[in-house]
Amino acid sequence: YVFCATGGEAVEAYLEKSTWTSSIKVKCVKDSSVTNAGDALRELDKRNLVQSDPFILMSGDCVTNVNIVPALEEHKLRHKKDSSAIMTILMKEVGGWSASTDSNGKKDYKASSLRSMKDDLVVALNSANPNGNHERVLLYDSNTAKTSIALPTSFFASNAQIELRNDMLDTGIYICSPDVLARFSDEFDYLDISKFISNSVAEEEEGLQSKIYASILHNNEYAARLHDPRTYHAVSKDLLKRWCYPMVPDNLPSGYDKVYRYEMQRHMMYVEQKGKSKIGRCAVLKGPGMIGSYSSIENKCTVSQTVIGNTCQIGKNVTIKDSHLWEGVTIEEHATVTESILCNDCIIKKGATIPRGCIIGRGCIIGENISLPEFTRVTLSNQKGGDDDFDDFDDDDFSSSSTSSSSSSESSDSDNEAGGDIVQNADFKILGKDGLGRVWTPSYDDFGAFENDSDYDSDNDSVDSKENNKRSQELVKTQSMGFDPTDTFQKRMQRQLEDDYISDNEFGDNYNNDDDDGFDSYDALESNLTEDGLLIAGRQAGVNVVKEMKSICMEHDISSPIENLGIELNSFKFSQNATFGECVTGAILAIFDRLGLTAETTAAKLIALFKAELTHWGELLEKFCHTMEEEKSVIIAVETAATGGGIVGDLLSKQPAFRFVLQTLHDQELISEEAIISWAKLRRDGNAESAQGKLFQQAPTQQFVEWIEEDSDSDDSSGSDGDSE
């Protein structure tokens, strides 16, 4: 069965024409009321359509060459021995991700292009399992917003060896027992398969557990999903590079050879042979790439790593790089196309430039000598018409079934039938006087509440619709061809480092695990443990008090009175038997995160922003700083932010930013001379080679501390002289 929420007629028409369906019976199930994968499975169960045990559940956007029979047999044997083993997930090793900055300040990342930017999958596997590539899944978490994971301690008692991995890709292929459908029918809050898996493997109590296993693909097996244009491009390149052999262009399935026959030529360029294309003598073709039938490429063209469909016309001196041209595309002379998708029958006029990340919808026209902005999407449909060329992008709840190809072709067909409803207000300023189409702009409604998209600074729930729409546009960029995810991975790394740093410090450890560095950051604040290593009375185990305080401050609406935040922090403080020092620490860390700093922010700009924030937050800090110990906590919190890495850490640790922040706090009378001197003594007695020690040893910081100490000594001398008189 093929379940379709939209475009069922087109799928049925394709299945009728396909030659491979002669060996397998395929039925199309259509239901336009279904909005997610969970509803689709519940509908299948309701109709009682699935009769086989087990059955194979597969996302419609998956490309694979896997021989599933061995995994299927393993699942049957496992389920026969243990009826609670209800699912097997096919997973592929693709490598984890990392972000780094070299000594010259150049940022870089490593990550598989097959991963969606919304996927940060971490799995825990029982690696002591003797079943080879079949291991029980004990944790499944793909939420990019999380900086840590939790694994029940009971799992360590019942599993001899547990392996945590972040290099696995969920291929979207699942071998399921009928119990899976029953579980979805019983639990209406399951909207997608990943949520079902995550909840099922987290169950601790024996007898209630639904066991899920992972079958890890061999090196010669390939499987990946097309979530968006970015992964569509990545999978296409893998196919051309023959990673999915025998699924390659020159080895089409039986029946297709009656229509097409591709031949691999130099530089891994696949050229269709039955409908010969015309290629100019001086044209330069570099693969991996593909050229369909009856296309024409004129002289002096440069085509690099591009897929060209049937009946495309490319004029002289055209440059095309890393792009996809569907059927009937026309590109006139001297045009340039980079990392973009050109849909059926679109026209790129003479001298036009299509930069990275663009999608030109079916039948659209880009005017002569027009240069589009990066990541522009052009459509013929109206802004408020029913379907849009791009409105189904990133629909992970329904297995991302509508990617660039399906959604654009489908909606464009309906648009062409609509006739006069197409593009009532064309964007001539952007597309040119001789252009045709409308620039599609994503709205907040297209992407929802961003709960898992913490890469886009969604801490403040009160942001206006304009800001929400801006975040929607940023999210669309992450799904586009040519998107550089370096900054996204840097932000993720920064959040994880900051979370680790706060967690370590809360339990009295320093960032570098050096017991001699004198970094007693939370001596004044107290950790979750007493000096005897016991949990503080009244404090909930596992609660990161400082992190929770920071989170409360991040959610604060600056238009609300600061007294309201004080009441909320006080309530949480009493519920966890926390200290005022922990309150001010959370507040200071939140203030720096709310400044919106970038790598280009100067020290002067940072201080200006910090002073502006203190006009609102100063009253709260004054209220919670009852003694010198709380004032020391303020200083140590600034120190924590400065040594915690990320953009905030990089800016604060550069001279003289840290000194100016201390001076600002002193000038605003939020920290006293006594607190500064006490903190300075702590640092002098500590490890000078630690991150905190190096920060303290900075020349501007030393000058400020010396000035404070001299001023204090002079005040003491004046007092003594007055007393003697």
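Residues numbered from 1 in each chain as written. Predicted model: local features only at pLDDT ≥ 70, side-chain atom pairs only at ≥ 80, totals over all residues. Heavy atoms only, no water.

### Focus: the packing of helix α5 (residues 179-186) against helix α6 (residues 193-202)
Part 1: At a minimum axis separation of 12 Å, α5 and α6 run at an interaxial angle of 95 degrees. Considering their axes alone, α5 and α6 lie roughly perpendicular with respect to each other. Side by side, α5 and α6 meet where Val180, Arg183 and Phe184 of the first sit next to Ile193, Phe196 and Ser200 of the second.
Part 2: A class-by-class count of the residues in the contact of α5 with α6 yields four nonpolar, one polar and one charged. (Axes fitted to C-alpha atoms, helices over the stretch in contact; angles between N-to-C directions. Helix = DSSP H or I, 4+ residues; strand = E, 2+ residues; numbered from the N terminus. Parallel < 35°, antiparallel > 145°, perpendicular 65-115°, else oblique. Contact = heavy atoms within 4.5 Å. Nonpolar A, V, L, I, M, F, W, Y, C, P; charged D, E, K, R; others polar.)

### Quick word on unusual backbone geometry
Part 1: The residue after Asp53, namely Pro54, is reached through a cis peptide bond having omega 0 degrees.
Part 2: For the bond running from Tyr245 to Pro246, omega is 10 degrees, close enough to zero to count as cis.
Part 3: Tracing the backbone shows Pro246 in the loop between α7 (229-240) and β14 (262-265).
Part 4: In the Ramachandran plot, Arg242 falls in the positive-phi region, its phi being about 70 degrees despite a non-glycine side chain.
Part 5: Tracing the chain through its elements places Arg242 in the loop between α7 and β14.
Part 6: One non-glycine residue, His267, adopts positive backbone phi at about 60 degrees.
Part 7: Relative to the assigned elements, His267 resides in the loop between β14 and β15 (269-272).

### Quick word on the packing of aromatic side chains
Part 1: Counted according to the given criterion, the structure contains 11 aromatic pairs.
Part 2: Centroid distance Tyr260 to Tyr262: 6.4 Å. Interplanar angle 35 degrees. Geometry classified as tilted.
Part 3: Site record: aromatic cluster; members linked through ring pairs are Trp97, Tyr109 and Phe489.
Part 4: Here Arg78 stacks its cationic end above the ring of Tyr213, 4.3 Å away from the centre of that ring.
Part 5: Here Lys573 stacks its cationic end above the ring of Phe580, 4.3 Å away from the centre of that ring. (Phe/Tyr/Trp six-rings, centres within 6.5 Å; stacked < 30°, edge-to-face > 60°. Lys NZ or Arg CZ within 6 Å of the ring centre and 35° of its normal.)

### Details of α5
Part 1: Val180, Leu181, Phe184 and Ser185 are the residues of α5 that are buried. Each buried residue of α5 sits inside an arc of 140 degrees when the element is viewed along its axis, so together they form one side.
Part 2: Here the buried face of α5 lies against α2 (37-47), β3 (55-58), β5 (85-93), β11 (168-176) and α6. (Buried < 20%, exposed > 50% of the residue type's maximum accessible area, 1.4 Å probe, protein only. Arc of directions from axis to C-beta.)

### What about the side chain of Thr478?
Part 1: Tracing the sequence through the fold places Thr478 in helix α10 (residues 465-478).
Part 2: Engagement of the side chain of Thr478 in a polar contact is seen with the backbone oxygen of Leu475, the distance being 2.6 Å. (Polar contact = N/O pair within 3.5 Å; in protein donor to acceptor, adjacent residues only side chain to side chain.)

### Considerations on the sheet that holds β11
Part 1: Pairing in this open sheet of seven strands is mixed, and the strands run β3-β11-β5-β12-β9-β8-β10 from one edge to the other. The two strands at the open ends of the sheet, each matched to only one other strand, are β3 and β10 (162-165). Across the sheet, the axes of successive neighbouring strands diverge by a mean angle of 35 degrees, strand direction being ignored.
Part 2: Sheet topology places strand β8 (residues 122-126) next to β10; four bridges connect them, and they run antiparallel. Its bridge partner being in β10, Val123 is matched across the sheet by Arg165.
Part 3: Lying on the sheet, α5 is in contact with β3, β5 and β11; it crosses β5 at an angle near 100 degrees. (Pairing = 2+ DSSP bridges.)

### Observations concerning the side chain of Glu221
Part 1: Positionally, Glu221 belongs in the loop between β12 (211-216) and β13 (223-225).
Part 2: Excluding residues that lie within four positions of it along the chain, Glu221 makes contacts with Asn65, Val66, Asn67 and Lys92.

### Some points on α6
Part 1: Within α6, burial applies to Ile193, Phe196, Ile197, Ser200 and Val201. Down the axis of α6, the sector holding all buried residues measures 115 degrees, keeping them to one side.

### Let's talk about the nonpolar core
Part 1: Judged by nonpolar contacts, the single largest core of 56 residues is most densely connected at Phe592, Val661, Leu665 and Trp679.
Part 2: Leave out the neighbours within four places in its chain, and Val661 touches Phe592, Leu606, Ile607, Phe610, Val638 and Leu652.
Part 3: In this structure, Leu325, Ile331, Ile348 and Cys358 belong to the second largest nonpolar core, which totals 33 residues. (Core = buried A, V, L, I, M, F, W, Y, C linked by side-chain atoms within 4.5 Å.)

### With respect to the packing of helix α16 (residues 628-642) against helix α19 (residues 673-684)
Part 1: Orientation of α16 relative to α19, taken along the N-to-C sense of each, is 60 degrees, at an axis distance of 9 Å. Taken together, the axes of α16 and α19 lie oblique to each other. Crossing of α16 over α19 shows right-handed handedness. Contacts between α16 and α19 pair Met628, Glu631, Lys632, Ile635, Ile636 and Glu639 from the former with Glu674, Ala675, Ile676, Ser678, Trp679 and Arg683 from the latter.
Part 2: In the contact of α16 with α19, the residues fall into six nonpolar, one polar and five charged. (Left-handed = near helix turned anticlockwise from the far one by under 90°.)

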